Amino acid sequence: GIETVVAALLPGGIDGSTADDCKELGNKLLSAGKGQDAVWLYSLGLKKRPNCHILLSNKSAANAKLGHFDLALADAEECIRSKPDWGKGHGRKGAALEGLGRFDEALKALEKAAELDPSNAAARTAVETLKTKMESEEFKSQQASSSSEPPQAEAPAEEAAKPKAESTQDETAAMVEKAKARGNRAFASGNFEDAISHFSDAIALDKNNHVLYSNRSGAYSSVKQFQSALNDAQKCINLAPGWAKGYGRRAAALVGLGRLAQAMDSYRQGLALEP
(Lines give C-alpha, C1' and ligand atoms only; values in the text may rest on other atoms or scores of the structure.)
Protein backbone atom coordinates (compact mmCIF):
# COMPACT_ATOMS: atom_id res chain seq x y z
CA GLY A 1 0.00 0.00 0.00
CA ILE A 2 0.91 3.65 0.38
CA GLU A 3 3.13 2.70 3.34
CA THR A 4 5.59 1.15 0.85
CA VAL A 5 6.23 4.54 -0.70
CA VAL A 6 6.27 6.52 2.53
CA ALA A 7 8.61 4.03 4.19
CA ALA A 8 11.00 4.31 1.24
CA LEU A 9 11.38 8.01 2.03
CA LEU A 10 12.43 7.25 5.63
CA PRO A 11 16.15 7.09 6.41
CA GLY A 12 16.73 3.41 7.19
CA GLY A 13 13.22 2.38 6.17
CA ILE A 14 10.60 1.15 8.63
CA ASP A 15 12.96 -0.85 10.85
CA GLY A 16 16.04 1.36 10.71
CA SER A 17 14.36 4.74 11.18
CA THR A 18 14.02 6.56 14.51
CA ALA A 19 10.97 8.15 16.10
CA ASP A 20 12.41 11.54 15.15
CA ASP A 21 12.75 10.43 11.52
CA CYS A 22 9.05 9.49 11.54
CA LYS A 23 8.10 12.79 13.13
CA GLU A 24 10.08 14.92 10.69
CA LEU A 25 8.76 13.16 7.58
CA GLY A 26 5.26 13.14 9.06
CA ASN A 27 5.46 16.89 9.56
CA LYS A 28 6.55 17.41 5.94
CA LEU A 29 3.74 15.24 4.62
CA LEU A 30 1.17 16.95 6.83
CA SER A 31 2.23 20.40 5.60
CA ALA A 32 1.95 19.06 2.04
CA GLY A 33 -1.65 18.00 2.68
CA LYS A 34 -0.97 14.26 3.04
CA GLY A 35 -2.70 13.80 6.38
CA GLN A 36 -3.36 10.07 6.24
CA ASP A 37 0.29 9.33 5.51
CA ALA A 38 1.33 11.65 8.34
CA VAL A 39 -0.94 9.73 10.74
CA TRP A 40 0.70 6.48 9.67
CA LEU A 41 4.17 7.93 10.26
CA TYR A 42 3.30 9.35 13.68
CA SER A 43 1.84 5.95 14.63
CA LEU A 44 5.07 4.28 13.51
CA GLY A 45 7.02 6.79 15.59
CA LEU A 46 4.89 5.97 18.62
CA LYS A 47 5.79 2.29 18.25
CA LYS A 48 9.43 3.34 18.51
CA ARG A 49 8.82 5.86 21.32
CA PRO A 50 5.59 4.95 23.15
CA ASN A 51 3.60 7.73 24.85
CA CYS A 52 5.65 10.51 23.23
CA HIS A 53 3.52 13.59 23.84
CA ILE A 54 4.82 15.42 20.76
CA LEU A 55 3.99 12.55 18.41
CA LEU A 56 0.55 12.19 20.00
CA SER A 57 -0.03 15.92 19.59
CA ASN A 58 1.02 15.84 15.94
CA LYS A 59 -1.14 12.77 15.28
CA SER A 60 -4.11 14.58 16.83
CA ALA A 61 -3.50 17.56 14.53
CA ALA A 62 -3.31 15.29 11.48
CA ASN A 63 -6.54 13.50 12.38
CA ALA A 64 -8.26 16.85 12.93
CA LYS A 65 -7.14 18.03 9.47
CA LEU A 66 -8.69 14.88 8.02
CA GLY A 67 -11.96 15.62 9.83
CA HIS A 68 -11.50 12.58 12.11
CA PHE A 69 -12.24 14.58 15.24
CA ASP A 70 -13.07 11.56 17.40
CA LEU A 71 -9.63 10.12 16.72
CA ALA A 72 -8.06 13.56 17.19
CA LEU A 73 -9.71 13.79 20.61
CA ALA A 74 -8.46 10.34 21.64
CA ASP A 75 -4.90 11.30 20.62
CA ALA A 76 -5.13 14.61 22.46
CA GLU A 77 -6.38 12.96 25.65
CA GLU A 78 -3.56 10.42 25.48
CA CYS A 79 -1.13 13.31 24.96
CA ILE A 80 -2.47 15.02 28.09
CA ARG A 81 -2.13 11.81 30.11
CA SER A 82 1.49 11.59 28.95
CA LYS A 83 2.29 15.24 29.81
CA PRO A 84 -0.54 16.92 31.74
CA ASP A 85 1.23 20.27 32.16
CA TRP A 86 1.90 20.79 28.42
CA GLY A 87 -0.43 23.43 27.07
CA LYS A 88 -0.34 22.23 23.48
CA GLY A 89 -2.02 18.94 24.36
CA HIS A 90 -4.98 20.81 25.83
CA GLY A 91 -5.04 22.99 22.72
CA ARG A 92 -5.29 19.88 20.55
CA LYS A 93 -8.13 18.64 22.75
CA GLY A 94 -9.94 21.95 22.33
CA ALA A 95 -9.60 21.85 18.55
CA ALA A 96 -10.95 18.28 18.42
CA LEU A 97 -13.89 19.11 20.68
CA GLU A 98 -14.72 22.15 18.57
CA GLY A 99 -14.70 19.94 15.49
CA LEU A 100 -17.15 17.61 17.26
CA GLY A 101 -19.44 20.55 18.04
CA ARG A 102 -18.82 20.30 21.80
CA PHE A 103 -18.12 24.00 22.12
CA ASP A 104 -18.36 24.52 25.91
CA GLU A 105 -15.89 21.69 26.52
CA ALA A 106 -13.67 23.01 23.74
CA LEU A 107 -13.53 26.44 25.34
CA LYS A 108 -12.50 24.96 28.71
CA ALA A 109 -9.71 22.97 27.06
CA LEU A 110 -8.45 25.99 25.13
CA GLU A 111 -8.52 28.13 28.29
CA LYS A 112 -6.47 25.46 30.05
CA ALA A 113 -3.95 25.56 27.20
CA ALA A 114 -3.62 29.34 27.53
CA GLU A 115 -3.33 29.07 31.33
CA LEU A 116 -0.49 26.52 31.11
CA ASP A 117 1.38 28.53 28.46
CA PRO A 118 0.59 32.22 29.05
CA SER A 119 3.31 33.37 26.62
CA ASN A 120 1.67 31.48 23.74
CA ALA A 121 -0.16 34.10 21.68
CA ALA A 122 -1.75 31.44 19.48
CA ALA A 123 -3.36 29.79 22.51
CA ARG A 124 -4.86 33.10 23.66
CA THR A 125 -6.07 33.84 20.14
CA ALA A 126 -7.78 30.43 19.96
CA VAL A 127 -9.71 31.21 23.15
CA GLU A 128 -10.80 34.63 21.96
CA THR A 129 -11.74 33.36 18.50
CA LEU A 130 -13.98 30.64 19.93
CA LYS A 131 -15.54 33.05 22.46
CA THR A 132 -16.31 35.51 19.68
CA LYS A 133 -17.82 32.73 17.60
CA MET A 134 -20.00 31.47 20.47
CA GLU A 135 -21.22 34.98 21.25
CA SER A 136 -22.20 35.75 17.67
CA GLU A 137 -25.84 35.90 16.67
CA GLU A 138 -25.14 33.57 13.74
CA PHE A 139 -23.75 30.91 16.09
CA LYS A 140 -26.68 31.23 18.50
CA SER A 141 -29.10 30.98 15.61
CA GLN A 142 -27.35 27.89 14.26
CA GLN A 143 -27.42 26.24 17.67
CA ALA A 144 -31.11 27.02 18.11
CA SER A 145 -32.08 25.65 14.72
CA SER A 146 -29.49 22.89 14.24
CA SER A 147 -32.18 20.37 13.36
CA SER A 148 -33.71 22.46 10.57
CA GLU A 149 -32.66 24.98 7.95
CA PRO A 150 -33.54 28.59 8.85
CA PRO A 151 -35.92 30.35 6.47
CA GLN A 152 -34.22 32.43 3.81
CA ALA A 153 -34.58 36.17 4.13
CA GLU A 154 -35.85 38.12 1.18
CA ALA A 155 -33.10 39.58 -0.97
CA PRO A 156 -32.66 43.36 -0.55
CA ALA A 157 -33.79 45.44 -3.50
CA GLU A 158 -30.24 46.39 -4.46
CA GLU A 159 -29.21 42.70 -4.45
CA ALA A 160 -32.19 41.79 -6.59
CA ALA A 161 -31.08 44.45 -9.04
CA LYS A 162 -27.68 42.79 -9.66
CA PRO A 163 -26.84 42.11 -13.28
CA LYS A 164 -28.19 38.70 -14.24
CA ALA A 165 -24.78 37.33 -15.26
CA GLU A 166 -23.21 38.21 -11.91
CA SER A 167 -26.15 36.72 -10.03
CA THR A 168 -25.93 33.48 -12.02
CA GLN A 169 -22.20 33.26 -11.39
CA ASP A 170 -22.71 33.69 -7.65
CA GLU A 171 -25.44 31.05 -7.63
CA THR A 172 -23.21 28.59 -9.49
CA ALA A 173 -20.34 29.17 -7.07
CA ALA A 174 -22.70 28.56 -4.15
CA MET A 175 -23.93 25.33 -5.74
CA VAL A 176 -20.34 24.18 -6.24
CA GLU A 177 -19.50 24.85 -2.59
CA LYS A 178 -22.60 22.99 -1.41
CA ALA A 179 -21.81 19.94 -3.56
CA LYS A 180 -18.19 20.04 -2.39
CA ALA A 181 -19.24 20.25 1.26
CA ARG A 182 -21.59 17.29 0.80
CA GLY A 183 -18.73 15.36 -0.79
CA ASN A 184 -16.37 16.19 2.07
CA ARG A 185 -18.95 15.07 4.65
CA ALA A 186 -19.57 11.82 2.77
CA PHE A 187 -15.82 11.20 2.50
CA ALA A 188 -15.25 11.86 6.21
CA SER A 189 -18.07 9.39 7.00
CA GLY A 190 -16.54 6.71 4.78
CA ASN A 191 -19.30 6.96 2.15
CA PHE A 192 -16.85 7.15 -0.73
CA GLU A 193 -19.29 6.36 -3.55
CA ASP A 194 -21.54 9.20 -2.39
CA ALA A 195 -18.49 11.45 -2.15
CA ILE A 196 -17.57 10.65 -5.77
CA SER A 197 -21.11 11.52 -6.86
CA HIS A 198 -21.11 14.86 -5.00
CA PHE A 199 -17.65 15.86 -6.26
CA SER A 200 -18.75 14.94 -9.79
CA ASP A 201 -21.76 17.23 -9.40
CA ALA A 202 -19.44 20.05 -8.36
CA ILE A 203 -17.02 19.38 -11.24
CA ALA A 204 -19.89 19.51 -13.73
CA LEU A 205 -20.42 23.11 -12.58
CA ASP A 206 -16.75 24.10 -12.29
CA LYS A 207 -14.41 22.12 -14.52
CA ASN A 208 -11.34 24.19 -13.64
CA ASN A 209 -11.34 23.72 -9.87
CA HIS A 210 -8.23 21.69 -8.98
CA VAL A 211 -9.40 21.01 -5.42
CA LEU A 212 -12.49 19.17 -6.69
CA TYR A 213 -10.38 16.84 -8.83
CA SER A 214 -8.05 16.24 -5.87
CA ASN A 215 -10.96 15.37 -3.59
CA ARG A 216 -12.54 13.04 -6.14
CA SER A 217 -9.16 11.39 -6.73
CA GLY A 218 -8.94 10.63 -3.02
CA ALA A 219 -12.44 9.16 -3.07
CA TYR A 220 -11.65 7.03 -6.12
CA SER A 221 -8.52 5.68 -4.41
CA SER A 222 -10.60 4.79 -1.37
CA VAL A 223 -12.77 2.48 -3.49
CA LYS A 224 -9.72 1.14 -5.37
CA GLN A 225 -10.64 2.79 -8.68
CA PHE A 226 -7.00 3.75 -9.11
CA GLN A 227 -7.01 4.59 -12.82
CA SER A 228 -9.84 7.08 -12.29
CA ALA A 229 -7.96 8.40 -9.24
CA LEU A 230 -4.85 8.85 -11.37
CA ASN A 231 -6.78 10.65 -14.11
CA ASP A 232 -8.23 13.11 -11.60
CA ALA A 233 -4.88 13.62 -9.87
CA GLN A 234 -3.21 14.42 -13.19
CA LYS A 235 -6.01 16.85 -14.05
CA CYS A 236 -5.48 18.50 -10.66
CA ILE A 237 -1.73 18.85 -11.34
CA ASN A 238 -2.37 20.25 -14.82
CA LEU A 239 -4.65 22.92 -13.33
CA ALA A 240 -2.40 23.72 -10.34
CA PRO A 241 1.17 22.51 -10.93
CA GLY A 242 2.44 24.38 -7.88
CA TRP A 243 0.02 22.68 -5.45
CA ALA A 244 1.75 19.86 -3.56
CA LYS A 245 -1.34 17.88 -2.66
CA GLY A 246 -2.01 16.94 -6.30
CA TYR A 247 1.28 15.05 -6.41
CA GLY A 248 0.32 13.16 -3.26
CA ARG A 249 -2.97 12.14 -4.88
CA ARG A 250 -1.10 10.98 -7.95
CA ALA A 251 1.35 9.00 -5.82
CA ALA A 252 -1.49 7.25 -3.97
CA ALA A 253 -3.13 6.26 -7.26
CA LEU A 254 0.18 5.03 -8.68
CA VAL A 255 0.76 2.86 -5.61
CA GLY A 256 -2.66 1.33 -6.14
CA LEU A 257 -1.70 0.58 -9.73
CA GLY A 258 1.56 -1.04 -8.59
CA ARG A 259 3.75 1.66 -10.16
CA LEU A 260 5.88 2.27 -7.06
CA ALA A 261 8.89 3.96 -8.67
CA GLN A 262 6.65 6.56 -10.31
CA ALA A 263 4.76 6.97 -7.05
CA MET A 264 7.99 7.79 -5.21
CA ASP A 265 8.92 10.32 -7.87
CA SER A 266 5.51 11.97 -7.49
CA TYR A 267 5.87 12.14 -3.70
CA ARG A 268 9.27 13.75 -4.03
CA GLN A 269 7.87 16.32 -6.46
CA GLY A 270 5.22 17.22 -3.91
CA LEU A 271 7.69 17.44 -1.04
CA ALA A 272 9.94 19.68 -3.14
CA LEU A 273 7.06 22.15 -3.44
CA GLU A 274 6.43 22.19 0.32
CA PRO A 275 9.70 21.11 1.99
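Residues numbered from 1 in each chain as written. Predicted model: local features only at pLDDT ≥ 70, side-chain atom pairs only at ≥ 80, totals over all residues. Heavy atoms only, no water.

Chemist: Residue-level account of helix α16 (residues 244–256), with values.
Modeler: For α16, built from 13 residues, the straight-helix expectation of 18 Å at 1.5 Å per residue is met to within 8% by its first-to-last C-alpha distance of 19 Å. Among the residues of α16, those classed as buried are Ala244, Gly246, Tyr247, Gly248, Arg250, Ala251, Ala253, Leu254 and Val255. The first or second residue beyond α16 is Gly258, which carries a positive phi of 80°. (Helix = DSSP H or I, 4+ residues; strand = E, 2+ residues; numbered from the N terminus. Expected span 1.5 Å × (residues − 1). Buried < 20%, exposed > 50% of the residue type's maximum accessible area, 1.4 Å probe, protein only.)

Chemist: Lay out the pattern of salt bridges in plain terms, naming residues and giving numbers.
Modeler: Following the criterion strictly, the structure yields 8 salt bridges and no others. Here Lys131 ties to Glu111 by a salt bridge, and the two come within 3.8 Å at their closest N and O atoms. Within this pair, whereas Lys131 is found in helix α9 (residues 121–135), its partner Glu111 is found in helix α8 (residues 103–116), the two being separated by 20 residues in sequence. (Salt bridge = Lys/Arg side-chain N within 4 Å of Asp/Glu carboxyl O.)

Chemist: I'd like a description of the packing of helix α4 (residues 35–48) against helix α5 (residues 53–65), backed by residues and values.
Modeler: The contact between α4 and α5 brings their axes to 9 Å, and the two run at 160°. Comparing their axes, α5 and α4 come out roughly antiparallel. Seen along the crossing, α4 lies across α5 with a hand that is left-handed. Taken together, the residues of α5 that come into contact with α4 (itself represented by Gly35, Ala38, Val39, Tyr42, Ser43, Gly45 and Leu46) are Leu55, Leu56, Asn58, Lys59, Ala62 and Asn63. Looking at side-chain class alone, the contact of α4 with α5 contains 7 nonpolar, 5 polar and 1 charged residues. (Axes fitted to C-alpha atoms, helices over the stretch in contact; angles between N-to-C directions. Parallel < 35°, antiparallel > 145°, perpendicular 65-115°, else oblique. Left-handed = near helix turned anticlockwise from the far one by under 90°. Contact = heavy atoms within 4.5 Å. Nonpolar A, V, L, I, M, F, W, Y, C, P; charged D, E, K, R; others polar.)

Chemist: Can you break down the nonpolar core residue by residue, with the values?
Modeler: Core analysis: the largest hydrophobic core is formed by 25 residues, its most contacted members being Leu25, Leu29 and Tyr267. Residue assignment for this core shows that the elements contributing at least two residues are α1 (2–8), α3 (19–31), α4, α13 (192–205), α14 (210–222), α15 (226–239), α16 and α17 (260–273). Setting aside its immediate chain neighbours within four residues, Leu29 contacts Val6, Lys34, Asp37, Leu41, Tyr267 and Leu271. Among the nonpolar cores identified, the runner-up in size contains 16 residues, and Leu73, Ala106, Ala109 and Leu130 belong to it. (Core = buried A, V, L, I, M, F, W, Y, C linked by side-chain atoms within 4.5 Å.)

The values reported here are purely geometric and, on their own, carry no functional implication.
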